[in-house]
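# Descriptive structure summary
As a plain string of letters, each chain reads:
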Amino acid sequence: MTDMKPKIFIDGEHGTTGLQIRTRLAGRNDLEILSIPVERRKDPEARAEFLKASDIAILCLPDAASKEAVALLGDDSSTRVIDTSTAFRTAPDWAYGFAELTKGQADKIAQARLVANPGCYPTGAIGLIRPLVEAGILPADYPVSVNAVSGYTGGGKQMIVQMENPDAPDAITAPHFLYGLTLSHKHVAELQTHGLLDRRPLFSPSVGRFAQGMLVQVPLFLGDLNGSPSLVDLHAALEKQYAGAGVVEVVPYAEGIALPRVDPTELNDTNRMKLFVFGTEGGGQANLVAVLDNLGKGASGAAVQNMDLMLGKAA
Ligand SMILES: NC(=O)C1=CN([C@@H]2O[C@H](COP(=O)(O)OP(=O)(O)OC[C@H]3O[C@@H](n4cnc5c(N)ncnc54)[C@H](OP(=O)(O)O)[C@@H]3O)[C@@H](O)[C@H]2O)C=CC1
Ligand SMILES: CC(=O)N[C@@H](CCC(=O)OP(=O)(O)O)C(=O)O
């Protein structure tokens, strides 16, 4: 039948990412949304029923529950899966759901049964690093550092309460804090794998007292890069990679370099990402910066983009 609408089930639809995806899909009459009653959301039997009845299941769950959902479906299921957790991002049989990652990635996502949505921080960092590695500018064994700040919704329902409710037993009162201090954040593996890095990158995340938004920084010493490139060379490599990619915009060099500051909330409620090259020409250093919405291109926006690719509905 030609008028059959694809059935979409959001497992975890009552969480931060799930709710955002539901909102993004609310106006869509080309899809049938299967919705589990809230009181049954953690009942494996009910979830299995919904998972199996859907054409695409979008998992917005902690890692363990995502793994459980995939197991509930089994290997020979016809349900296609988009997982937003960390569980499968480096698994070889899953397509990495960053459509602009490299040539052919959007097609790979479109054909895949299993798609792992990237983490919010890796979306920014890999978006900056990978084109430079592929262009032969950034050596794979370069000691890459990634510093970042996220809005507090990145920590899900639990952190939202910690930041918004001063009476919560584990309330956080700081205006900005560093975490991941052991340098073993769960995103490091993904960053290294899809950044094509031989050396484990050093990743230092932080959270600010704003709900959504994100800045990711990759500082580089130009003399240690292949061919001692200029800032303009780095910018050109990024521009080449993202030419025509509507979602990822490389801010024109002169425009970026003239900015007095960068606002992490600039792209909130969009599925866009902006990339900048900062520094002083001749100064031997660059700071590459990505701005995105941790809940947009960093989560729900990318999930909807991937769903559309898988359904052949991408613009
Ligand atoms: N927030 C963000 O910026 C980003 C999040 N992600 C990833 O998305 C996933 C979801 O995160 P987020 O939305 O922030 O988290 P939340 O904690 O806000 O939401 C998770 C939801 O999953 C539900 N849940 C937990 N265990 C189970 C289970 N066994 N079966 C069914 N449902 C369950 C929770 O139920 P309950 O309502 O009872 O808590 C909650 O509604 C995570 O893997 C996260 O790492 C990815 C990119 C960015
Ligand atoms: C602020 C904050 O706590 N952020 C989360 C990452 C958010 C994200 O991208 O999560 P996934 O890897 O699950 O996709 C963290 O650091 O664990």
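The name given to the protein in an unreviewed UniProt entry is N-acetyl-gamma-glutamyl-phosphate reductase, and the organism recorded there is Tianweitania populi. Reading the Sequence similarities (unreviewed entry) entry of the UniProt record for the protein gives the comment "Belongs to the NAGSA dehydrogenase family. Type 2 subfamily." The UniProt entry for the protein carries the following comment under Subcellular location (unreviewed entry): "Cytoplasm".

Strands belonging to one sheet form pairs held by backbone hydrogen bonds; the direction of such a pair is parallel or antiparallel. Spatially, the 6 strands line up as an open sheet ordered 2-1-3-4-6-5, and their pairing is parallel. The sheet is open, and its two edges are formed by strand 2 (32–34) and strand 5 (95–96), each paired on a single side. Here helix 2 (residues 44–53) sits on the sheet and contacts strand 1 (7–11), strand 2 and strand 3 (56–59); the angle it forms with strand 1, its principal contact strand, is near 145°. Sitting on the sheet, helix 3 (residues 63–73) is in contact with strand 1, strand 3 and strand 4 (80–83), with an inclination near 160° to strand 3.

With that settled, consider the packing of aromatic side chains. Tallied over the entire structure, the rule returns 5 aromatic pairs. Relative to Phe50, the ring of Phe9 lies with its centre 5.3 Å away and its plane at 35°, an arrangement referred to as tilted. Separated by 41 residues along the polypeptide, Phe9 in strand 1 and Phe50 in helix 2 bring together distant segments of the chain. Looking at Phe9, the relative accessible area reads 0%, which means it is buried. Residue classification places Phe50 among the buried residues on the basis of a relative accessible area of 18%. Their ring planes at 5° and their centres at 4.2 Å tell us that Phe88 and Trp94 sit as a pair that is stacked. Of the two residues examined, Phe88 and Trp94, each falls in the buried class.

Thresholds applied
Residues numbered from 1 in each chain as written. Chains lettered and ligands numbered in written order. Predicted model: local features only at pLDDT ≥ 70, side-chain atom pairs only at ≥ 80, totals over all residues. Heavy atoms only, no water. UniProt positions renumbered as here; feature names shortened; annotations may be inferred. Pairing = 2+ DSSP bridges. Helix = DSSP H or I, 4+ residues; strand = E, 2+ residues; numbered from the N terminus. Contact = heavy atoms within 4.5 Å. Axes fitted to C-alpha atoms, helices over the stretch in contact; angles between N-to-C directions. Phe/Tyr/Trp six-rings, centres within 6.5 Å; stacked < 30°, edge-to-face > 60°. Buried < 20%, exposed > 50% of the residue type's maximum accessible area, 1.4 Å probe, protein only.

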